[in-house]
Every structure is written in C-alpha cells, then in structure tokens.
Amino acid sequence: MKLIEGGICASKGFKAAGVHCGIRKNKTKKDLSLIYSQKRARAAAVYTKNLVKGAPLRVTQKHLSDGYAQAVICNSGNANTCNANGIEIAETMSKVCADELGLDPNDIVVASTGVIGLPLDIEPIANAIPTLSKALSEDGCSDAAEGIMTTDTIQKEVAVEFELNGKTCHIGGIAKGSGMIHPNMATMLVFMTSDVNISNVMLQKALSGDIQNTFNMISIDGDTSTNDMVVILANGMAENDEITEDGEDFKIFMKALNTVSVQLCRLIAGDGEGATKLLECKVENASDENVAKTVAKSVICSSLLKAAMFGADANWGRVLCAIGYSGADLDIDKIDLSFKSSKGEIAVCKNGAGVDFSEEKAKEILLENEIEIVVNLNSGAASSTAWGCDLTYDYVRINGDYRT
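Within each chain, residues carry numbers counting from 1 in the order of the written sequence. Confidence filtering applies because this is a predicted model: local features only for residues at pLDDT of at least 70, side-chain atom pairs given and counted only at 80 or more, and all residues used for totals across whole chains, interfaces and linings. Excluding hydrogens and water, the side-chain values take into account all heavy atoms of the structure.

Student: Outline the pattern of salt bridges, listing residues and values.
Tutor: Definition used for salt bridges: Asp or Glu carboxyl oxygen within 4 Å of a side-chain nitrogen of Lys or Arg. On inspection of all chains with the given rule, the structure shows 16 salt bridges. Where Arg40 meets Asp66, a salt bridge forms, and the shortest distance between an N and an O atom there is 3.0 Å. In this pair, Arg40 sits in strand 3 (residues 32-47) while Asp66 sits in the loop between helix 1 (55-63) and strand 4 (68-78), placing the two residues 26 residues apart along the sequence. Burial classes: relative accessible area under 20% of the type maximum marks a residue as buried, over 50% as exposed, and values in between as partly exposed (1.4 Å probe, protein chains only). Of the residues examined, Arg40 reaches a relative accessible area of 39% and is grouped as partly exposed. Looking at Asp66, the relative accessible area reads 39%, which means it is partly exposed. Lys62 is paired through a salt bridge with Glu91; the nearest N and O atoms lie 2.5 Å apart. Pair noted here: Lys62 is in helix 1 and Glu91 is in helix 2 (residues 86-101), with a separation of 29 residues, a long-range link. Lys62 gets classed as partly exposed once you look at its relative accessible area, which sits at 48%. One salt-bridge network, held together by shared partners, links Arg266, Glu280, Lys282, Glu370 and Glu372. What counts as a helix is a DSSP run of H or I of at least four residues, what counts as a strand is a run of E of at least two, and both are numbered from the N terminus.

Student: Which residues make up the pairing of strand 3, and what are the values?
Tutor: Among the 16 residues of strand 3, 13 are classified as buried, and the element is accordingly described as predominantly covered. Taken together, the six bridges between strand 2 (residues 14-19) and strand 3 define a ladder with antiparallel strand orientation. Counted as the bridge partner of Ala17 is Leu34 from strand 3. Only when DSSP finds a minimum of two bridges between them are two strands counted as paired. Where strand 3 meets strand 4, seven bridges bridge the pair, whose relative direction is antiparallel. The residue bridging Ser33 from the neighbouring strand is Cys74, located in strand 4. As paired strands, strand 3 and strand 9 (residues 229-234) are joined by six bridges and run antiparallel to one another.

Student: So what about the packing of aromatic side chains? Which residues, and what values?
Tutor: Pairing of aromatic rings covers Phe, Tyr and Trp, the last counted by its six-membered ring, and requires centre-to-centre distances within 6.5 Å; plane angles under 30 degrees mean stacked, over 60 mean edge-to-face, and any other angle means tilted. Tallying each qualifying case throughout the model produces one aromatic pair. Considering the side-chain rings of Phe310 and Tyr393, the 5.3 Å spacing of their centres and the 90° angle between planes classify their relative orientation as edge-to-face. With Phe310 in helix 8 (residues 303-310) and Tyr393 in helix 11 (residues 393-400), the pair connects residues that are 83 residues apart, well separated along the chain. You can call Phe310 partly exposed: its relative accessible area is 28%. Given a relative accessible area of 67%, Tyr393 falls into the exposed group.

Student: Hey, could you go over the pairing of strand 12 (residues 344-350) for me, with residue numbers and the actual values?
Tutor: Bridge count between strand 11 (residues 336-341) and strand 12: five bridges; the pairing is antiparallel. By the bridge assignment for strand 12, Lys340 is matched with Glu345. Linking strand 11 to strand 12, which pair antiparallel, is a turn of two residues. In this sheet, strand 13 (residues 353-354) lies alongside strand 12 in antiparallel orientation, the contact comprising two bridges. Bridge pairing in strand 13 places Cys349 opposite Gly354. Counting the residues that bridge the hairpin from strand 12 to strand 13 gives two residues, and of these Asn351 lies at a positive phi of roughly 55°.

Student: Just give me the short version of the side chain of Asn376, but keep the residues and values in it.
Tutor: Assignment of secondary structure puts Asn376 in strand 14 (residues 370-376). What qualifies as a polar contact is a pair of N or O atoms within 3.5 Å, subject to a donor-acceptor requirement within protein and to the restriction that residues adjacent in sequence count only when both atoms come from side chains. Within the local environment of Asn376, its side chain forms a polar contact with the side chain of Asn285, the two groups lying 3.1 Å apart. It only takes one pair of heavy atoms within 4.5 Å for two residues to be counted as in contact. Ignoring any residue separated from it by four or fewer positions in sequence, one finds Asn376 in contact with Glu284, Asn285, Lys334, Ile335 and Asp336.

Student: Describe helix 8, and please don't skip the residues or the numbers.
Tutor: Three or four residues apart is the spacing at which side chains of an α-helix point the same way, because the helix has 3.6 residues per turn. Residues Leu305, Lys306, Ala308 and Met309 constitute the buried set of helix 8. Viewed along the axis of helix 8, the buried residues span an arc of 160°, placing them on a single side of the element. Immediately downstream of helix 8, the backbone of Ala312 shows phi near 55°, a positive value. This arc is taken over the directions from the axis of the helix to the C-beta atoms.

Student: Break down the packing of helix 7 (residues 289-301) against helix 9 (residues 317-324) for me, with residues and values.
Tutor: All axes here are fitted lines through C-alpha atoms, helices being fitted over the stretch that makes contact, and every angle between N-to-C directions spans 0 to 180 degrees. Relative to each other, helix 7 and helix 9 sit at 130°, their axes nearing to 8 Å. Here helix 9 runs oblique to helix 7, going by the angle between their axes. Here helix 7 and helix 9 pass one another in a crossing that is right-handed. Of the residues in helix 9, those in contact with Val295, Ser298 and Val299 of helix 7 are Val319, Ala322 and Ile323. Three classes are used: nonpolar for Ala, Val, Leu, Ile, Met, Phe, Trp, Tyr, Cys and Pro, charged for Asp, Glu, Lys and Arg, and polar for all others, with Gly counted as polar. Along the lines of polarity and charge, the residues of the contact of helix 7 with helix 9 split into five nonpolar, one polar and no charged. Oblique is the label for any angle not under 35 degrees, not over 145, and not in the 65 to 115 range, which are roughly parallel, roughly antiparallel and roughly perpendicular in turn. Take the far helix as the reference: if the near one is turned anticlockwise from it by less than a right angle, the crossing is left-handed, and if turned clockwise, right-handed.

Student: So, the sheet that holds strand 11: which residues are in play, and what are the values?
Tutor: The strand order across the open sheet built from six strands is 13-12-11-14-10-15, with neighbouring strands paired in mixed fashion. Here the strands that pair on one side only, and so sit at the sheet edges, are strand 13 and strand 15 (382-389). One ladder, built from seven bridges, connects strand 10 (residues 278-286) with strand 15; its direction is antiparallel. Note that in strand 15 the partner of Cys281 across the bridge is Ala386. Of the strands in this sheet, strand 10, strand 14 and strand 15 touch helix 7, which is tilted by about 20° from strand 15. Those strands touched by helix 8 are strand 10, strand 11, strand 14 and strand 15, and its axis lies near 125° from that of strand 10.

The quantities given are spatial measurements derived from coordinates; they are silent on function.
And the structure:
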C-alpha cells in the first residue's frame, strides 16, 4: 500500500472540476465543485449529529437511501442552512446537475458549506453547472478541492494504491475543514472515491467503523457544524472480486480507507482556523479503548492546553486537568506524560506528579509546527489518537467578522 498523487481522481473512472460561479465575492476563489463517476457507484455516508442540519444533508440522505450515487456537487460560501427554501434550492442543484450529466437527480450528492442563515441564490450555481460539467477532468482533483474551501488555507487531498485479488485498487479523498469542527460525526466535508468492488452493506460498515477512530477524533474549536458529512463512492471499476463479508480483502480495504482518513484528519487539524500547530494526542496503555479515546478527546479539546501550545509553554498541568475531568475511569497516580516533536521528546510528568525538566528544551520542542502529547496511563494495552490545533489570536479575528 502506498500514498500516491491524484486525490479523488486517482480512483479509476472518476473525474472532478471546480469553478468560480459567483457565490463568493472574490472572483479568484473557486466556489463550486463537481465529482463524477463514469459508472453508478455504491455510496455510503455519515452525517452531523447537530439537530440543526443544512438542507443539502437532508436531500443527500434521501438520495442515498438506495445506497447509490454517481456525482457530488458542492458549493462553498453559503451553507444553505436555516433557509425557508433550502430544500428547494438543494433539490434544484441536484436536478440541474443531473440534467447536465444525463443522470437521475436521486444519484446526486449535494453539499454546501459557508455562512449559516444567508439566503442562497440558485441562479449563479445553475448558470455555472454547464461550464463545471465541461471542465470535468481526470486531473481536476485540485480544482474540486479548492472549490469546497472556506477559511481553509490549504487544499486537502490524499490517495492510496493497493492490491486486491491481483487487481490494482485505489481510494482517494478531498476534505474541507478549518473551523466549527468537533468530534461528533460528522466533523467537516469529506468526499472519498474508490474503484473497489464492494457491497453497499460492507461499504457502509467500513465507513461507519473507520470514522470512530479518525474523523470523530478531531476537534478544532468544540463546535459541531450543521452541514458536515463524509461520503464515499465506490464504482467497482478495479474489477476485484466483490467484497461482501468480513475477511482478508475487507481488512485490506479498511486499512486503505484508514490511511486516507488519518492523512485527511492531520491536514484538517493542522489547518484549523488561525492555527500555527498540529496537535496530536497519543494515549497509550489504557485499560480499554473507550478510556483511551475519552482521554485523548478531552486533552485535544482543552482550550487552555491549546492556548499553552500556541505559546510553546510546557504547562503540563493543563493536560492532567483535562484528563481529570474527562470522565474516564483511571488512576491518576499512574499517568506519565511527555511532549514530543521533531526536536525531540521531554518527560514532564511521572506517576501523576511533575518531574524536573529543562524549560529551554521544552520550549524548543514546542516551537515546532507538529506537536505530540504522549499520555501513558500504565493500566493496560489499549491506545487511541486524537488531533487538534493550537488556539491563537487569529481564531478570534477570523470568527469575529466571519459573516460580515
């Protein structure tokens, strides 16, 4: 299994495109994206648990009720949420796109991201869809990745290549995620493609299982968005033997899916609004997986810890504090803690108490742009990882005038 270029277009039979249609005022920024499969594909999805859901999610849930889709259309700059005519707009997006591609509207995944509660005009989207369709290309992943960005500063695209039954297979993905991200599936917009031949049941099982240890383990700011979802389309064009049950082939598929998901998680967390650092909390030797996950999430969600990491301050007490209120059943007196980066690793806590360490060395380690917070619970063999970012002045600046 290896990481390759191409993102969502690395999978056989998929094309993508992105254009500026006029939702965003800045004409240099793409704001409408399209992903298209040459063949009708099996589809699986997970959605935000926020009770306030964007109209596109409700439409997509209905469209995917049969487990199939052939295209994804997504706009940025406007979330189409809490609008009286939101469902109508989302359905119209689907129909115009379907008519242009010669598809059934029910085979369209529709998504939107941006400002909540702002009316969305269908006209610029409808007018741009023919141009968007004509722009579809096997090299269009980067344009599509750009078209779904809001406050993101980098495009997020990943792909892997692997083998099943002697057939070369792929999974690729793009993601949008920078703010309003918190572990409560879903956590952002993620679109993944695959040419693997896999049943609807096993595709949904793979995605639903994978997110528990990947996308649900990210937190940027503690806010669960209204529009987030993760969707995967698998068109079977790799022509491997269909995966219909648990077994070695399914394990390989799961490993490939997890590889893509983890890479996207790291890109999303590292590109949090205003962020300067990717934070990765690794919990080791927990009594069980639930304890490990609970602790990792609690640490990565701590605003005080995130602020300390911004200042490169080895304030390890904030980590212990977050562990203490996490609700996990554990023995505080067994906890060891260290901070780690490309500059080395430094132990700051042993058996729940502080140890002597060099503040200068700790500062050097924490000034790097990727920081590991290593928590050893010394109580078992379970582990978990969560991702987040530091909390900076720019986060407030960005969100202080996000709408205006």
